[in-house]
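# A closer look at the structure
Each chain is listed here by its residues.
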Amino acid sequence: MNAPGAASDDGPALAAPPSPADERLFRVFRCVFGGLLRAWFRLRVEGPPPPDGACVLAANHTSFVDPLVLGAVCRARIVYLMTEVHWRSRGLGWFYRWNRAIPVRVRGGNREALRAARAVLQQGRTLGIFPEGGLSRDGLPMLGNPGAVSLVLQESVPVVPVGIVGAYAAMPSGAWFPRPRTITIRFGKPIAPAELDALGGGDRRARLRLATAHIMRAIAALTGHVAREDLVGDGG
């Protein structure tokens, strides 16, 4: 699951809230499946829980289990942005669509998907993004994707940095089945919209670049790593 990206020509349908019956079914599913995840990965949660209402959870992405374990420990039902190729997959596509994931195209053309994501936030719901734009192959931080952050800046909602630690050891890229390893989900202090708006001195491009680096540093700190932006000198 990734950040823009992104895709689909049916924004309103993608942003439609789940029906009461669907929400009840999801809560039963999360109770059962979430319990299995908690037991298998010995899930640990650190830091304050995300705020109620509209917010963006921005996490590192080192394993395919990341969205599952993050969803298992959050009260709110998270709407994720994810790559369209996985969203349309034959095996699990139905599961992603049932979970209201929003598909994004890697090569752009994502106006409807971004409109759906904005609608989700305007409805007071929780949006989940992996701003690196892809899965880390070595478990280390990658550069942030400004496309994901631009959505955050437009909607003026708090961004909650999330560090997922242990998922790479449990199921790295290429693995077929997760190992029983401890996974810790660390929630950081929410980053207020005003904090991001103040960056860049009025220059829109500079603000986007600096906001991206700011969010990536917060995520990296929660994982015990240095942000890639600081390693390559791309963080302002």
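It should be noted that the structure appears before, not after, this text.
Quick caveat, the model's predicted, so the values are computed rather than measured.

## Examining the pattern of salt bridges
By the definition in use, this model includes 11 salt bridges. A salt bridge links glutamate 23 to arginine 27; its shortest N-O distance comes to 3.3 Å. One end of the pair, glutamate 23, and the other, arginine 27, are both in helix H2 (residues 20-41), four residues apart, so they sit about a helical turn from each other. Here arginine 115 ties to glutamate 112 by a salt bridge, and the two come within 2.5 Å at their closest N and O atoms. Linking arginine 115 with glutamate 112, this pair stays in helix H6 (residues 111-122), spanning three residues, or about one helical turn. The exposure class of glutamate 112 is buried, given its relative accessible area of 18%. Because the salt bridges share partners, they merge into one network encompassing Asp22, Glu23, Arg27, Arg77 and Arg100.

## Quick look at unusual backbone geometry
You will see that arginine 42, though not glycine, has its phi angle at about 45 degrees, which is positive. Assignment of secondary structure puts arginine 42 in the loop between H2 and strand E1 (44-46). Phi is positive for serine 156, close to 55 degrees, though the residue is something other than glycine. Residue position: serine 156 is located in the loop between helix H7 (146-155) and strand E6 (159-165).

## Quick word on the pairing of strand E5 (residues 126-129)
Both faces of E5 are covered, namely the face carrying Thr126 and Gly128 and the face carrying Leu127 and Ile129. Looking at chain direction, strand E3 (residues 78-83) and E5 are connected through three bridges and run parallel. By the bridge assignment for E5, tyrosine 80 is matched with glycine 128.

Definitions and limits used
Going along each chain's sequence as written, the residues are numbered from 1 onward. Thresholds applied to this predicted model are a pLDDT of at least 70 for local features of residues and 80 or more for the giving and counting of side-chain atom pairs; totals over whole chains, interfaces and linings are not thresholded and use all residues. No hydrogens and no water enter the side-chain calculation; it runs on all heavy atoms of the structure. One side-chain nitrogen of Lys or Arg within 4 Å of one carboxyl oxygen of Asp or Glu is enough to make a salt bridge. Counting from the N terminus, the helices are DSSP H or I runs at least four residues long and the strands are E runs at least two residues long. Remark: exposure states derive from per-residue accessible area (1.4 Å probe, protein chains only) relative to the maximum for the residue type, with buried under 20%, exposed over 50%, and partly exposed in between. At least two DSSP bridges between two strands are needed for those strands to be called paired.

Everything listed here is a matter of geometry and, on its own, says nothing about what the molecule does.
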